[in-house]
Amino acid sequence: MNIMLFHSVHGLTPAVRDAAERLRAAGHQVWTPDLFEGHTFGTVEEGMEFQERTGKDELLKRAVLAAAPYSERGLVYAGFSLGASIAQTLALGDDKARGLLLLHGTSDIAPNATAEDLPVQLHVAEPDPFETDDWLSAWYLQMGRTGADVEVYRYPGAGHLYTDPELPDYDEEAAEATWRVALGFLGTLE
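A brief report on the enclosed structure follows. (Residues numbered from 1 in each chain as written. Predicted model: local features only at pLDDT ≥ 70, side-chain atom pairs only at ≥ 80, totals over all residues. Heavy atoms only, no water.)

Some points on the environment of Pro69
Thinking step 1. Among the secondary structure elements, Pro69 is positioned in the loop between helix H3 (56-67) and strand E3 (75-80).
Thinking step 2. Pro69 sits 73 residues away from Gln142 along the chain, and the two C-alpha atoms are 29 Å apart. (Helix = DSSP H or I, 4+ residues; strand = E, 2+ residues; numbered from the N terminus.)

See below:
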């Protein structure tokens, strides 16, 4: 499977590179575009400040340019938090998308978006300050209206970016469960 994996607001950190290696070890081809052009951040606040200075449109443009050379192959879009929101936006705009793997994040859905039979899997903490229950319920219904085939996995007590061993949110048990389920999901897309 060809996977375009987008980083979180922390940037293209070793944890993102390690996740890409885990996916490669399972037989997938993975690209990890650096939307922050080499900048990484130790805190969410620093990363969000950089994201805001750069602008959502610029980050989306960088993501589209990174994915464009490979989109004809049929990509699975994936991402962590901010990267998940970017992955979702690209997947819903790409009629050749093979799947969408969202880790720790979602995004707004355009009212006219369609994703007929697109396999979507979301992994998120419960509770998550960035992905509240009300938001996730509305998101799930909206994704269903696009025609996507959506699965949601919640991890009670885990922190927001619980798959990143470099952060205080890290939860080894939840992270390993996430990777086990996500790799199974990716295996069904081949």
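Quick notes on the environment of Thr13
Thinking step 1. On the secondary structure map, Thr13 appears in the loop between strand E1 (2-6) and helix H1 (14-25).
Thinking step 2. Here Thr13 falls in the buried class, since its relative accessible area comes to 7%.
Thinking step 3. Along the backbone, Thr13 and Arg98 are 85 residues apart, and their C-alpha atoms lie at a distance of 26 Å.
Thinking step 4. Here Thr13 is in contact with Thr40, Asp164 and Glu166, once residues within four sequence places are set aside. (Buried < 20%, exposed > 50% of the residue type's maximum accessible area, 1.4 Å probe, protein only. Contact = heavy atoms within 4.5 Å.)

Points about the packing of H1 against helix H6 (residues 172-188)
Thinking step 1. The geometry of H1 relative to H6 is characterised by a closest axis approach of 11 Å and an angle of 45° between their N-to-C directions. Classified by the interaxial angle, the pair formed by H1 and H6 is oblique. When the axes of H1 and H6 are compared, the crossing they make is right-handed. Only Glu176, Trp179, Leu183 and Leu186 of H6 make contact with H1, whose side of the interface consists of Ala19, Arg22 and Leu23. (Axes fitted to C-alpha atoms, helices over the stretch in contact; angles between N-to-C directions. Parallel < 35°, antiparallel > 145°, perpendicular 65-115°, else oblique. Left-handed = near helix turned anticlockwise from the far one by under 90°.)

A closer look at the sheet that holds E1
Thinking step 1. The strand order E2-E1-E3-E4-E5-E6 describes an open sheet built from 6 strands, whose pairing is parallel. Only two strands of the sheet have a single partner each, and these edge strands are strand E2 (29-31) and strand E6 (149-156). On average, each strand axis in the sheet is tilted by 15° relative to the strand beside it, whichever way the strands run.
Thinking step 2. Across 5 bridges, E3 lies against strand E4 (residues 99-103) in parallel orientation. Looking at the pairing, Ala78 lines up with Leu101 of E4.
Thinking step 3. Where H1 meets the sheet, its contacts fall on E1, E2 and E3, and the angle it forms with E1 comes to roughly 165°.
Thinking step 4. Sitting on the sheet, helix H5 (residues 133-146) touches E4, strand E5 (119-126) and E6, and the angle it makes with E6 is about 165°. (Pairing = 2+ DSSP bridges.)

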